[in-house]
Structures are given as C-alpha cells and as structure tokens.
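Breakdown of the fold
If you want the building blocks of each chain, they are given just below.
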Amino acid sequence: MLLSMEASAGLVAGSHNRNELVVIHNHEEHKPMKNLSGQVCEICGDEVGLTVDGELFVACNECGFPVCRPCYEYERREGSQLCPQCKTRYKRLKGSPRVEGDDDEEDIDDIEHEFNTYEQKTNTDIAEAMLHGKMSYGRGREDEEAAQYPNVIAGGRSRPVSGEIILNAYGEPIMGSTLHKRVHPYPSSEHEPGSARWDDKKEMGWKERMDDWKMQQGNLGPTDYDDSADPDMAIVDEARQPLSRKVPIASSKINPYRMVIVTRLVVLALFLRYRILNPVHDAFGLWLTSIICEIWFAVSWILDQFPKWLPIDRETYLDRLSLRYEREGEPNMLAPVDVFVSTVDPLKEPPLVTANTVLSILAMDYPVDKISCFISDDGASMCTFEALSETAEFARKWVPFCKKFLIEPRAPEMYFSEKVDYLKDKVQPTFVKERRAMKREYEEFKIRINAMVAKATKVPAEGWIMQDGTPWPGNNTKDHPGMIQVFLGQSGGTDVEGHELPRLVYVSREKRPGFQHHKKAGAMNALVRVSGVLTNAPFMLNLDCDHYINNSKAVREAMCFLMDPQVGKKVCYVQFPQRFDGIDRNDRYANRNTVFFDINMKGLDGIQGPCYVGTGCVFRRQALYGYEPPKGPKRPRMVSCDCCPCFGRRKKFSKHGVNGGPDVQGFEDDKELLKSQMNFEKKFGQSPIFVTSTLMVEGGVPPSSSPAALLKEAIHVISCGYEDKTEWGTELGWIYGSITEDILTGFKMHCRGWRSIYCMPKRPAFKGSAPINLSDRLNQVLRWALGSVEIFFSHHSPLLYGHKEGNLKWLERLAYINTTVYPFTSLPLLAYCILPAICLLTGKFIMPEISTFASLFFIALFLSIFITGILELRWSGVSIEEWWRNEQFWVIGGVSAHLFAVIQGILKVLAGIDTNFTVTSKQADDEDFGELYAFKWTTLLIPPTTILIINLVGVVAGISDAINNGYQSWGPLFGKLFFAFWVIVHLYPFLKGLMGRQNRTPTIVIIWSILLASIFSLLWVRIDPFILKTKGPDTKHCGINC
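Residues numbered from 1 in each chain as written. Predicted model: local features only at pLDDT ≥ 70, side-chain atom pairs only at ≥ 80, totals over all residues. Heavy atoms only, no water.

The number of helices and strands found in the protein chain is 34 helices and 17 strands. Out of the 1042 residues in the protein chain, the part that is buried amounts to 53%. Of the contacts made within the protein chain by residues no fewer than 6 positions apart, 78% connect residues no fewer than 24 positions apart. (Helix = DSSP H or I, 4+ residues; strand = E, 2+ residues; numbered from the N terminus. Buried < 20%, exposed > 50% of the residue type's maximum accessible area, 1.4 Å probe, protein only. Contact = heavy atoms within 4.5 Å.)

Here it is, written out as structure tokens:
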C-alpha cells in the first residue's frame, strides 16, 4: 500500500532533536486490505483442493507435501515426476491419467476403472501428513498470520505482489503469499469447485463429465476439442512459464578458452621456474626486481582470470511477466519500486542533467502507482529544489507524450539530440505536430533551468529567500534541518490529460556540526529510511543523477528475476551494466570500461553474481536490511566432534547475520528470533513506524498511521543523530568505511549467502556521462582505487572476512580480493616500466643469453597471452580495439592514479591523514569532445610523464651506443628496445592527452618526427661523410712505436 499525499502541501522542514516540524493535514487513511487465509499449494499458491470424494487432496503419501492437483498432474506429465520435498516418485492417484513409468495394473483399462484403484486414507492420516509437510518445508500462511507482529501492523497486511489471485466458492479473491506463485503451465481455475465451469459440469451426468474430462486430457481419441488451439489456454500456459533463463556460452567457444587458460598457467609456471633458476650475476639487482614484478603479475593474473571461468548470459521474458502479473480486468500485481537519485553540488552536477534523469524515471513503462522517485539533495541547494519543482511541472506534459508515442529514450535532452530518423515506426498523424510543440516546451524549460543555475552562482549576503519570503532552510549547507517536499502524488499529481503521475519526493537530510554524515553512503541510507516510512516498496532502484533510463522497460527486466518464483527468492539485487554517452569515437581513455562490464561481470554472474557498481542496480529491500536469504530444506549432515573431521562436519553458527544469533531458516525465522531476543531499535533506530516497516516483506505502509504522522516520522529518520548506536553502515544499508561504498555493500550481501544477477538487455537499460578529459579521468580512477585500498586495510578485507559462515564461494572471493588488491600492482608496474630505460642506459639486461630451448618458454608465454585474449573476445563480443584501449589505460592508470591511491591509503592507515575527493563533473563541453583536448595539470601526470621521457631517452641512447660499438651489439639491443617500445606504446594515449590538440597536428607525426630526427642526427655524426678516414693501425693497441 502506497502513501497518498497532496503535492501542494508544501515543504516539510524540521529537526527531531529540536522538536521543529511543519505538519501537513487533510490526508486520508487507507483501510486495511482484506486478507483471507486458506490451505495453499507450496508451488503455485492455489488452494490444494479436495478429491472427488470430498477429502483433502494429498499428492505424496510419503511426506504429505502440500501440492494441488494441477501441479501434481503437470509434474507427472511434464516434470521430473518427483515430490519436491522427499524426492519420492509420485504414484498414480485416483482420477489421474497413466504416464510413462507407472506400474501395470493387471491389464485393466485406466480410464474406465481408474476411480476404483485409489487407496483410501483416513482424515486423521491426511491431516497428520499435511502438518508434517508444512512443518518440514516452511511456514504457511497460518504460521505467518500467527506471528506476533507489533500492534501497528495488526490487521493491516501490506499489499501482496503475487500474480496469482485465487477465487473461493463465493468468488471472492484470496490473496496469496509472495512465496506462493504458480510456475507450472496448467489451468486450474476451471477445474476447481467454485468456478463457473465447474458449476456447469455438476448439472451434467457422470458420463458427460467423464467424457469432457477425458477430452481435456487427450485420452478419448480424435476429437474436435483441442486445448492447444484455445488462445486463452495458450496465454495461461505462457504466463506460468519461467520469467528468465540462463544462456550458457557455447561449448565451442568456452571450452577452448578454458583449455588455453590451463595451458597458460602451466607455461607461466615453467617460465618463472626458468627465470628464477637462471640469475644474471652482473645485473643481480635488475634481475631480482624483474623476478619480483613477474611473480606479482602472475598472481594478479590468476586473481583476475579464474573468476571468468563460468561466464553466462541471461534472457528475460517480459511478455510472461505481463501475462502473470498484469491480467486484464484484475488489479496490477507488479511489485512497487522506490527509485533513489542522489546529487550534491548543482554546479558540478547540473540540475538540467538531474532533471532529465527524473523525467526518464517518471515516464518509465511501469504502473504509475507502483513508482516513487526520491531525490536526495545532500548539498541542500535551493537551486536543486526549484529545478525539481520546474521538472515536476514539465513532467505533466512530457510523461503523456512519451507514453502516447512510445518514445525511447525518455530523457528529453537525449531524445531531441539523437541523430536518427524520429519518424521511424510512427504512424499517428499528430506525432510531428506534437513533437515540435514538445521540443519548444523543452527548450523553454531548459532556459528556465539555466537561469536558475546562473542565479545560483552569486549567493546573496542575506542568503537565499523562497518565493513566499521565507529564508531557505539550507542556507548553511553544514548546519540545516531535514527537509522533505512531495512534488507529485495521488492528490494533485496528474498530467495534462488527467492521468495520475508517479510520486516525486525531495529529501535533504539534516546536517549539524560535530556529526559524521558518511557522504554518499549516509545519504543513501537516509533515503532507505525515508522511503521505508512513506512508501516502503519491496524493491529499490539506485541511480546517479547523470544516469537516465535509456530503456523504459528496464525495471520490468529486473522484475523478471526478482519476482520469479524459482529464481527471485535468493536474489539480493539485479545489476545492469553501465553505458555512457558523449565519449569520443576511439574511447581514448577506456571510459566505456567494456572489458569489465562485458567480460568480468559475465564471469561473476556464473558464480554468485556480479559486484555492485554504485548505480543502475535494483535492490531487494530485505537484503539491505541485513536479513539472510530464505533457505530451502536440506538433508541432515553428519555431525562429529573436533577430533574426527573426516567423519562429518561440525555445526556452524552464524555470527554474521542481522540477528547476531544462530543461523535460522529464512525471513520469517529471522524476524521471530529478532523479536524474541533483541531490541529492534538497537538495530534500526528509534522509530517504531520504520521498525514496523522492516518486517513487511511485501512492502506497504502501516495503515494505522496517518500521512501527517508518517511525514513527521520521515523527518525523524533523516535526523543527523538517528544512526547513533545502531547498525546502520555496519550491518544494514550502504556500508561505511570506504569511499567506494558500493563494493562493500555488495560484498556483505554475498557473505550472507545472497546471490546477485547481471542483466544485459539488448537496449542498454541506463546511460550516463563519463569524464573524457585525461585529468578528470585519472581523478575518477584515483577515487575508485583509494576506496579499494581502504577496504583492503579494513576488517572487511575479503582476505579474512566471512570465512566462518562459508556463504561466499571461493571464486567469488577471488574476484573480491582482486578488487581490493589491484591498486598495489602499481608498484611492480612502475618498476617494470622503468627497467627498459635503465637497461638501455647501462648496457645491462634482466635476462642472460638464452638458448634455443629456453626461447620456447618465451614464445609459448606470448602465444598463450595472445590466444587467451582472442578467445576471450570471441565469447564476450568485445572488439579488439576496446580490449587494447583497456590494456593501455591499465598501464596509464597503474603508474599514476593507482600509485597515488596506494600512497594515500597507507598514509590514512598509518598517520590518519584523510583525503577528500571531488565530485566528477557531469557537464560536457559545448563543442563535441572539446573537453577531450583540454589540458588540466595535476600531480597524477608526473609519474607517467617521467616514464615516457626516460624511455625515449633510453631508446636514443641505446641506438647510438649500438652504432658506436658495431654490429655485434645490435642483437642484445633488440630485446631492450622491445620492452621500451612496449612501455611507450601503452602510454601513447597519455602522450596524446599530454600534448593536447596541437593545432590538430597528428600526435603520432610529432612523436616519430622527434624520434627519427634524434636517430638520424646521431647516425649522421657517426658516419660524418665529409671527413676522409684513412686506414691504419690502432695506436691504442699497438703503442706509439708500432
């Protein structure tokens, strides 16, 4: 149940600690929904039903696992024919057709005599069997309702999200649990008592009913009745199919790839063995340095490579999602979604960019009453506030336009700037006229927003004043009350055509001196609590302010996993890849990061799921609250003492879950244990309404609270001292302790046993902006690397954390370890990039003279590296140009940003010196890719510039020395030149960025001109054709008297 608010109520500002609040009146309370209980099938959620004799239907006589007849029939006909709980083969029961594998019954005809072969059971036996099935499998609805929730929930269950609506004998809906969703394609409503078709059959004779039943089962020979020809039956069958499926990589692509990985591992071991056993005595220091670097590179490669062992793709079926949860003539059963957008500085994150993101959210293809958009303004800027107000007004025109003409993308700036045929697939004659009018409206909207930004650059001495003359509460950005404004909602939130719009809520959390606010992670946790009080949707979408929705069906794609009855129960979040606009065609600095998003993340999806990357992610709210995933029934394990580990395993107790107690079975047991053993307020804070919302798995707000009381509580949960002495940031919500809070948050969920899903729809779900300038790009990479170093030195380090629970798979752990240690590769990489120049300048080398046999190790190593890359590109679809750009920037970032991140991280750990980072600018240059050529000096440019210069000098010095010493010195020189050119080629994009546009002169011409001029000059001096040389004895060897 979502909160109904008036959009015209005004800004609510206040401080819980200071007892300051503006109260909003005249809100209507919602009545609790009717919640009927019944005996339900554990597979589909329908009533188990009765047999033809009026007794309770029992599918399995061994364990009594509750299954309805349609699911039993489908499992015998199409499935494994096994009971889901005890794995016993289903026996043929009374009224069931024979299937392959049934025992013979003395040649008696199955159809004519099947009602005489059923083995009778007493009602007592049936009840005991059903009770045993309930207790051994999981909690049913009776148990759920019997749980003693706080009084604020009593009598007001939240709105279910199940797609199955069951009708009882009176035609009234019985709402099923979220865990009870039908997955089998078998129509049940027509065969159960209470349906219209069943009532008609009761009037017929037994013979007619029997013939009708046999025709439906296909056992009466040729007939005109065909289920497959019935369109309604086909729709029902399709709706009950899985909503998604795994698509494994073709064996012809993945098997050779794995073979080459193993081969490369063996070749690498042989290569390192040869290098260690053959030292260079006259250059022992250089040799030892190179050996240490090569061993580190080998370990780093293993950490990066093996998590890509099991890559997979996925497919979603949006039509099945609609058929199951959006049935015509019935309430829409798609789950509500709260969307979070965070912004800080309107000068670095332009309000126009944020407005486009918000407009794309409000116009997404999803039921409007299921969407609530929360904007976190952590800078308390009146410019952002007023821009959001203008955005809400423009949305009244933009949203109906998008939905009427099925516009993609639904961010107006990107839509109107696309250089495509916008008339393609458009058939409405009014489209051109309305598009021109809408474009004019948007241009006027842009002018109003730009005027606000221009005005915001000059802060008046008395501070900002609102339109009604009230001082803006956030004039002091470091000392202001919490603020909430509902711009759109059910009351007053309609578009120009009178249709309802999604909710749009402005939130600025309270800030006071002396409190730790935890930057973006703290702002996200504040949004979690505010949304939990006001709307409490079971799922949450997190977006950066510059990441607009490029695919209006993106949330539906995520729901295909999160609402799938088989897959979704243990999924904590669905991560989408990041895609970017405004990047130069060649992607000079690897801004698209395609190798990571299209290769590494696919590999993780085959293990335990991708890591959380900070944006474009749909979360399950219960997972963010620290609950463990529901656990299915498991076979009992052997238990032994400590002295004989080979005969069994010791019992393990979870000390890591949200309850801090023994490991329990799923959400329901988690909640009971929390209620009986711990104080909720010590976990979630001093808000009884919010604590109540954390127990409502299906979402919805407590119906016993008025909107005014909820708004007051919302101000309370964003107060600056709310998180004191709670587990926010340590076990709940976004985790604190690193500026890359996204990695930590996803890591904690995976340690609890959750899995995540990687969703890559054909049309990118979200698109954002990336810094294309070299300095901005390096600063961005520095921030990411510094966050990884902080995690490595924290108690959440993947090397040590989460081993006792055993929920994190070892390949997933390797991936997280690689995520935290990759910045340390900068140290050996820096040394290895300097070694070629030192070798060229000193005349020494890191390897001795090699034999023909030893050269095979080097050839095999380079071949395995090359073939691994080619096969990786083959199964992933990444282009070789994107792969090469990634390799180049790995070196550029490694010797600059990663190096500084390691130094700053160590200083923070040892000396407590904290480092502030700046928000990456989201504003692009007016000229296409003009920002690409802008030169911004930063200390990050010093190390790679130094490496470039000394390698160029080394090349010139090495060639000149070879010319002076004769042809015999050219052989050893080639090895040194190869390593030097390897460094120069990898740093080439950096050199282009360093030199800037240079009047559009190709940088490669400048580089080769300088290099060739230097070589030619030295060669000319060496030959000196204008001086005649005479032949004679060398006086140095023969002496003066020779």
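Let us keep going from here.
Below, the discussion takes up unusual backbone geometry. The linkage connecting Glu 408 with the following residue, Pro 409, adopts the cis geometry, with an omega of -10°. With respect to the helices, strands and loops of the structure, Pro 409 is situated in the loop between helix H12 (382-405) and helix H13 (412-417). The backbone of His 518 shows a phi angle near 60°, a positive value even though the residue is not glycine. Structurally, His 518 can be placed in the loop between strand S10 (503-508) and helix H15 (519-534). Unlike most non-glycine residues, Lys 519 shows phi in positive territory, near 50°.

This part takes up the packing of aromatic side chains. Counting across every chain of the model gives 46 aromatic pairs. On the numbers, 6.0 Å between centres and 50° between planes, the contact of Phe 845 with Phe 979 is tilted. Here Phe 979 lies in helix H31 (residues 970-986) and Phe 845 lies in the loop between helix H26 (826-842) and helix H27 (852-876), a separation of 134 residues in the sequence. Across the pair, exposure class does not vary: Phe 845 and Phe 979 are buried alike. One aromatic cluster is present, built from ring pairs that chain together Phe 394, Trp 398, Phe 401, Phe 405, Tyr 415, Phe 416, Phe 431, Tyr 442 and Phe 445. For the cation-ring pair, Arg 529 lies above Trp 728, with the distance from its terminal atom to the ring centre recorded as 5.0 Å. One cation-aromatic arrangement involves Arg 777 over Phe 889; the distance from NZ or CZ to the ring centre is 4.6 Å. (Phe/Tyr/Trp six-rings, centres within 6.5 Å; stacked < 30°, edge-to-face > 60°. Lys NZ or Arg CZ within 6 Å of the ring centre and 35° of its normal.)

The contact between helix H17 (residues 594-605) and H27 brings their axes to 10 Å, and the two run at 85°. When the interaxial angle is binned, H17 and H27 end up roughly perpendicular. Contacts from Asp 598, Ile 599 and Lys 602 of H17 reach H27 at Glu 872, Trp 875 and Ser 876. Classifying every residue of the contact of H17 with H27 by side-chain character gives two nonpolar, one polar and three charged. (Axes fitted to C-alpha atoms, helices over the stretch in contact; angles between N-to-C directions. Parallel < 35°, antiparallel > 145°, perpendicular 65-115°, else oblique. Nonpolar A, V, L, I, M, F, W, Y, C, P; charged D, E, K, R; others polar.)

As a further point, take the packing of helix H24 (residues 774-793) against helix H25 (residues 810-821). Where H24 meets H25, the closest approach of the two axes is 7 Å, and the angle between their N-to-C directions is 115°. Between H24 and H25, the contacting residues are Ser 788, Val 789, Ile 791 and Phe 792 on the first element and Thr 819, Thr 820 and Val 821 on the second. In terms of residue class, the contact of H24 with H25 is built from four nonpolar, three polar and no charged.

Summarizing the sequence annotation, UniProt attributes the feature "binding site: UDP-alpha-D-glucose" (unreviewed entry) to Ser 342, Lys 348, Glu 349, Asp 378 and Lys 519 in the numbering used throughout. Mapping Glu 349 onto the fold places it in the loop between strand S7 (337-343) and helix H11 (351-362). In terms of polar contacts, Glu 349 uses its side chain to reach the side chain of Thr 343, at 2.9 Å. Mapping Asp 378 onto the fold places it in the loop between strand S8 (371-377) and H12. (UniProt positions renumbered as here; feature names shortened; annotations may be inferred. Polar contact = N/O pair within 3.5 Å; in protein donor to acceptor, adjacent residues only side chain to side chain.)

Looking now at the environment of Gly 514. With respect to the helices and strands, Gly 514 occurs in the loop between S10 and H15. Spatially, the C-alpha atoms of Gly 514 and Lys 478 are 9.9 Å apart, while their sequence positions differ by 36 residues.

Next up on the list: the UniProt feature "active site" (unreviewed entry) in the protein chain. Per the UniProt entry, the sites bearing "active site" (unreviewed entry) are Asp 378 and Asp 742 in this numbering. On the basis of relative accessibility, which here comes to 9%, the residue Asp 378 falls in the buried class. Along the chain, Asp 742 falls in helix H23 (residues 741-751). Leave out the neighbours within four places in its chain, and Asp 742 touches Tyr 612, Val 613 and Gly 614. Among the polar contacts listed, one links the side chain of Asp 742 to the backbone nitrogen of Gly 614, at a separation of 3.4 Å.

Now for helix H1 (residues 69-77). Within H1, seven of the nine residues are buried, which leaves it mostly tucked inside the rest of the structure. Taken together, the buried positions of H1 are occupied by Pro 70, Cys 71, Tyr 72, Glu 73, Tyr 74, Glu 75 and Arg 76.

The next point concerns the pattern of salt bridges. A complete count under the given rule lists 31 salt bridges for this structure. Salt-bridge contacts for Asp 338 lead to Arg 621; the nearest nitrogen and oxygen are separated by 2.8 Å. Of this pair, Asp 338 sits in strand S7 while Arg 621 sits in helix H18 (residues 621-624), and the two are 283 residues apart along the sequence. Both residues of the pair, Asp 338 and Arg 621, count as buried. The partner of Glu 790 in a salt bridge is Lys 908, with the nearest N and O atoms 2.7 Å apart. With a gap of 118 residues between them, Glu 790 in helix H24 and Lys 908 in helix H29 (residues 897-911) connect regions that are remote in the sequence. Judged by its relative accessible area of 10%, Glu 790 falls in the buried class. Classification of Lys 908 as partly exposed rests on a relative accessible area of 30%. Each member of the salt-bridge network shares a partner with another, and the members are Glu 326, Asp 365, Lys 553 and Arg 556. (Salt bridge = Lys/Arg side-chain N within 4 Å of Asp/Glu carboxyl O.)

A few words on the environment of Phe 862. Structurally, the position occupied by Phe 862 is in helix H27. Considering only alpha carbons, one finds Phe 862 and Val 267, 595 residues apart in sequence, at a separation of 9.8 Å.

Turning our attention to the sheet that holds strand S12 (residues 548-549). Strands in a sheet are paired, the pairing made by backbone hydrogen bonds, and the direction either parallel or antiparallel. With mixed pairing, three strands are arranged side by side in an open sheet as S12-S17-S14. The sheet terminates laterally at S12 and strand S14 (579-581), the two strands that pair on one side only. Pairing analysis gives two bridges linking S12 to strand S17 (residues 766-769), with the strands arranged antiparallel. Considered in S17, the bridge of Tyr 548 is made with Lys 767. (Pairing = 2+ DSSP bridges.)

Further remarks concern helix H14 (residues 431-456). Between the first and last C-alpha of H14 there are 37 Å, a value that for 26 residues agrees with the 38 Å anticipated at 1.5 Å per step. Along H14, the residues classified as buried are Phe 431, Arg 435, Met 438, Tyr 442, Phe 445, Ile 449, Met 452 and Ala 456. Buried residues along H14 sit in contact with H11, H12 and H13. (Expected span 1.5 Å × (residues − 1).)

Moving on to a nonpolar patch on the surface. Together, Phe 853, Leu 856, Ile 859, Leu 863, Phe 866, Ile 867, Ile 870 and Ile 880 make up a nonpolar patch on the protein surface, roughly 790 Å² of accessible area in all. Looking at the nonpolar patch, the element that brings in the most residues is H27, giving seven residues. In this fold, Ile 880 is placed in helix H28 (residues 880-894). (Patch = residues over 30% accessible without salt bridge, like charges linked within 9 Å, V, L, I, M, F, W, Y side chains within 5 Å. Areas by Shrake-Rupley, 256 points an atom, 1.4 Å probe, with all protein chains shown as cover.)

For S7, a buried count of seven out of seven residues is recorded, marking the element as mostly surrounded by other parts of the structure. Residues of S7 alternate between two faces, with Val 337, Val 339, Val 341 and Thr 343 on one and Asp 338, Phe 340 and Ser 342 on the opposite face, all of them buried. You can see the chain leave S7, run along H11 and come back into S8, and the turn it takes is right-handed. By the bridge criterion, six bridges tie S7 to strand S11 (residues 539-544) in an arrangement that is parallel. From the neighbouring strand, Val 339 faces S11, where its bridge partner is Leu 541. (Right-handed = clockwise from strand over helix to strand, strands pointing away.)

Along the chain, the position of Gln 305 falls in helix H9 (residues 284-305). What makes Gln 305 buried here is its relative accessible area of 3%. Excluding residues within four positions of it along the chain, Gln 305 makes contact with Tyr 257, Ile 261, Arg 264, Thr 868 and Glu 872.

Here we take up the side chain of Ser 738. Along the chain, Ser 738 falls in the loop between helix H22 (707-717) and H23. Reaching out from Ser 738, the side chain makes a polar contact with the side chain of Thr 740 at a distance of 2.9 Å. A distance of 3.0 Å separates the side chain of Ser 738 from the backbone oxygen of Gly 787, its partner in a polar contact. Beyond its immediate sequence surroundings of up to four residues, Ser 738 is in contact with Leu 744, Gly 787, Glu 790 and Ile 791.

Counting through the fold element by element, Phe 580 comes out in strand S14. Distance in space between the C-alpha atoms of Phe 580 and Pro 764 is 9.6 Å, their sequence separation being 184 residues. Those residues in contact with Phe 580, other than ones at most four positions away along the chain, are His 547, Asn 591, Arg 592, Gly 768, Ser 769 and Ala 770.

Bringing the confidence of the model for the protein chain into the picture now. Looking at the protein chain, the pLDDT average stands at 76 and 70% of residues meet or exceed 70. Counting contacts from residues 23-38, a segment whose pLDDT is below 50, to residues more than four positions away or on other chains yields 39 contacts. (pLDDT = per-residue confidence, 0-100.)

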